[in-house]
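# Survey of secondary and tertiary structure
Single-letter residue listing:
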Amino acid sequence: MDKIKVGIIGTGFIGAVHVDALRRLGFVDIVALAEANQELAQKKAADFMIPRAYGNFPDLIHDPDVQVVHNCTPNNLHLSINTQIIEAGKHIFSEKPLGMNRDESQKMLELAKKHHIVHGVNFNYRMYPLVQDMKWKVQQGELGDIRIVHGSYLQDWLFYDTDYNWRIEPEISGKTRAIGDIGSHWCDLAQTITGLKISEVFADFSTVIPFRKKSQNTETFCENQDLAAYEEKEVQTEDWAGVLIHFENGAKGLFSVSEVCAGRKCYFNIEVNGSKKTYFWNQEEGDRMWVGHRSGPNAVIMRDPHQLNAGCRRYTFAPGGHPEGWLDTFKNNIQAFYTFLQEGKNIEQEKPDFATFYDGYDIACIVDAIAESHEKGIWVKVIR
Ligand code: NAI
Ligand code: SOE
């Protein structure tokens, strides 16, 4: 059988991770990349040993050999690039958030449905083996009724006023920053594990650093502390947000997000309190999960392929005690997407484990409701 031929648009921080994950699959070949200009495309193609380099993304999309396109560009380019990929009839794996807002995301979902392509959005954290296991346990009723869901996603990479990136600018990132960028992951995780929809939100935002120094180096996660030259920029988006949430079954909860908590790198955690027990999981120690009991000892479950339910075993490889982590979630997500494609499955008939444009749109509806709640200071229903 021929390998599936793939093109990647945008090879910055996360594009490089897609290259790594795709190469671990074995049954796909990266045949082309596109970058912001020809010189950069050629440099990246040489670095990654990818045969074709395009300085203009439509040329990659219309390369007749390319069957699937990954979009790893900043958020403001998702709508135009994704639209062209879908209209060319190619399958698409887009980075999150799907669009800059609900309207953009809805357009992409409608178009994807019309063209009958396979569509994925990279909400990769749901592909930790223990997250899939938690989802399965909840479905089996092991947790009981879901009562409370809470957690946070905290980072520190924008801690200094010298930290700068395109995510600071609403024209590129969207109206929200911490919520759209990492709160979107938290909402996807909460909905994936519980199987419940977030129905109503009440939010409060804070821009902790009102002015930032923009210099030449604005790479994602760059270190920039002694600047010789910079431009002072007023910040319009939130560094921190707190959100109270209601779920469709009456369960309640809350989460916070931050990009300015010193020492917190990718501190993404969730706790689900059920009527029988509690599950707690933290991404930075993603190979472990805590189970809390009212009567009887608490437990820490260590990821071990032999102890995961059968449906999750395809998302784990290393024996217990041999850590798996963040990079493996990309491989798992991409593997789920390409296996679905290879097996000729249809998203309209079967809900895959990976997030689709349906999920991308759903999360955009929540993000917009959160932004509206902060602006108006009221509870806002999530309109889907
Ligand atoms: P980045 O700034 O590191 O990389 C973006 C890349 O896109 C750069 O190489 C840039 O040259 C390229 N690019 C810009 N304009 C282009 C154009 N017109 N044509 C082709 N390439 C172009 O950004 P980063 O951090 O990689 O983020 C990209 C996307 O991935 C964002 O939507 C972000 O939200 C998402 N992301 C998702 C992550 C996840 O965990 N799922 C992690 C990090 C980012
Ligand atoms: C920056 O906040 C970032 O790279 C996000 O864009 C990703 O989605 C997250 O997974 C890690 O942090």
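Residues numbered from 1 in each chain as written. Chains lettered and ligands numbered in written order. Predicted model: local features only at pLDDT ≥ 70, side-chain atom pairs only at ≥ 80, totals over all residues. Heavy atoms only, no water.

Within the protein chain, the regular secondary structure consists of 10 helices and 17 strands. In summary, the protein chain has a C-alpha radius of gyration of 21 Å against a globular reference of 21 Å for 384 residues, a match within 12%. Projected onto its principal axes, the C-alpha positions of the protein chain cover 65 × 55 × 40 Å. For the protein chain, buried positions account for 57% of its 384 residues. (Helix = DSSP H or I, 4+ residues; strand = E, 2+ residues; numbered from the N terminus. Rg over C-alpha atoms; globule rule 2.2 N^0.38 Å. Buried < 20%, exposed > 50% of the residue type's maximum accessible area, 1.4 Å probe, protein only.)

Let us look at the site of ligand 2. Around ligand 2, the neighbouring residues are Phe 13, Lys 96, Tyr 125, Tyr 153, Gln 155, Trp 157, Arg 167, Asp 181, Ile 182, His 185 and Phe 221. At 3.3 Å from an oxygen atom of ligand 2 is found a side-chain nitrogen or oxygen belonging to Trp 157. With the chains in place, 93% of the 300 Å² that ligand 2 exposes on its own is no longer accessible. The cavity that encloses ligand 2 is the largest pocket. The element contributing the most residues to the shell around ligand 2 is helix H8 (residues 178-194), with three residues. Partitioned by chemical class, the residues of the shell around ligand 2 number six nonpolar, two polar and three charged. (Near = heavy atom within 4 Å. Polar contact = N/O pair within 3.5 Å; in protein donor to acceptor, adjacent residues only side chain to side chain. Areas by Shrake-Rupley, 256 points an atom, 1.4 Å probe, with all protein chains shown as cover. 1 Å grid on protein atoms, 1.4 Å probe; cavity = no way out; pocket = protein on both sides within 12 Å on 5 of 7 lines; lining within 4 Å. Sits in = over half its atoms within 2 Å of the grid points. Nonpolar A, V, L, I, M, F, W, Y, C, P; charged D, E, K, R; others polar.)

So, about the layout of surface pockets. There is about 1,100 Å³ of room inside the largest pocket. Lining the largest pocket we find 49 residues, and of these Phe 13, Cys 72, Trp 166, Arg 167 and Thr 220 sit closest to its centre. Within the residue set of the lining of the largest pocket, elements represented by two or more residues are helix H1 (13-23), helix H2 (38-48), helix H4 (78-87), H8 and helix H9 (326-342). The class makeup of the residues in the lining of the largest pocket is 22 nonpolar, 17 polar and 10 charged. Of the domains in this structure, domain 1 (4-124) and domain 2 (127-381) are the two that each give at least three residues to the lining of the largest pocket. (Points joined across faces, edges and corners; volume = space filled by probe spheres on them. Domains from an automatic or database assignment.)

Right, let's talk about the sheet that holds strand E11 (residues 240-247) for a bit. Overall, mixed pairing links the nine strands, which are arranged E16-E15-E14-E13-E7-E12-E11-E8-E17 in an open sheet. Where the open sheet ends on each side, the last strands, each with one partner, are strand E16 (299-302) and strand E17 (380-381). Across eight bridges, strand E8 (residues 198-206) lies against E11 in antiparallel orientation. Paired with Glu 200 across the bridge in E11 is His 246. Where helix H6 (residues 129-139) meets the sheet, its contacts fall on strand E7 (146-154), strand E14 (278-282), strand E15 (288-292) and E16, and the angle it forms with E14 comes to roughly 165°. (Pairing = 2+ DSSP bridges. Contact = heavy atoms within 4.5 Å. Axes fitted to C-alpha atoms, helices over the stretch in contact; angles between N-to-C directions.)

Right, let's get into the packing of H8 against helix H10 (residues 357-376). Each packed pair of helices is defined by two parameters, the angle between the axes and the distance between the axes. Contact geometry for H8 and H10: axes closest at 10 Å, N-to-C directions at 120°. Considered as vectors, H8 and H10 are oriented oblique to each other. Judged by the sense of rotation from one axis to the other, the crossing of H8 with H10 is right-handed. Of H10, the residues touching H8 (which contributes Ile 179, Gly 180, Ser 184, Cys 187, Asp 188 and Gln 191) are Asp 362, Ile 363, Ile 366, Val 367 and Ile 370. (Parallel < 35°, antiparallel > 145°, perpendicular 65-115°, else oblique. Left-handed = near helix turned anticlockwise from the far one by under 90°.)

Bringing the state of the cysteines into the picture now. On inspection of all chains with the given rule, the structure shows zero disulfides. The thiol sulfur of Cys 187 is not disulfide-bonded, and the nearest other cysteine sulfur, from Cys 365, lies at 12 Å. A relative accessible area of 1% means that Cys 187 is categorised as buried. For the unlinked cysteine Cys 222, the closest cysteine sulfur is that of Cys 266, found at 17 Å. Looking at Cys 222, the relative accessible area reads 10%, which means it is buried. (Disulfide = S-S within 2.5 Å.)

Further remarks concern the nonpolar core. The nonpolar side chains of soluble globular proteins are, as a tendency, buried together. Membership of the largest hydrophobic core comes to 72 residues, with the highest contact counts inside it found for Ile 179, Phe 255, Ile 270, Trp 281, Phe 357 and Ile 370. Counting contributing residues per domain, this core is built from domain 1 (4-124) and domain 2 (127-381), each supplying no fewer than three. Once residues lying within four places of it in the same chain are set aside, the contact partners of Phe 255 are Gly 151, Ile 179, Gly 183, Trp 186, Cys 187, Ala 241, Gly 242, Val 243, Ile 245 and Ile 370. Counting residues in hydrophobic clusters, the runner-up holds 31 residues, among them Leu 25, Ala 41, Tyr 315 and Ile 334. (Core = buried A, V, L, I, M, F, W, Y, C linked by side-chain atoms within 4.5 Å.)

Near ligand 1 you find 27 residues, and of these Ile 14, Glu 35, Asn 75, Lys 96 and Arg 167 are the closest. At a separation of 2.9 Å, an oxygen atom of ligand 1 approaches a polar backbone atom of Ile 14. Between ligand 1 and Lys 96 there is a distance of 2.8 Å, counted from an oxygen atom to a backbone nitrogen or oxygen. In the complex, the protein chains occlude 86% of the 850 Å² of accessible area that ligand 1 would expose alone. Put simply, ligand 1 lies in the largest pocket. Where the shell around ligand 1 is concerned, the elements lending two or more residues are H1 and H8. Each residue belonging to the shell around ligand 1 can be placed in one class, and the counts come to 12 nonpolar, 10 polar and five charged. Both domains that furnish three or more residues to the shell around ligand 1 are identified here as domain 1 (4-124) and domain 2 (127-381).

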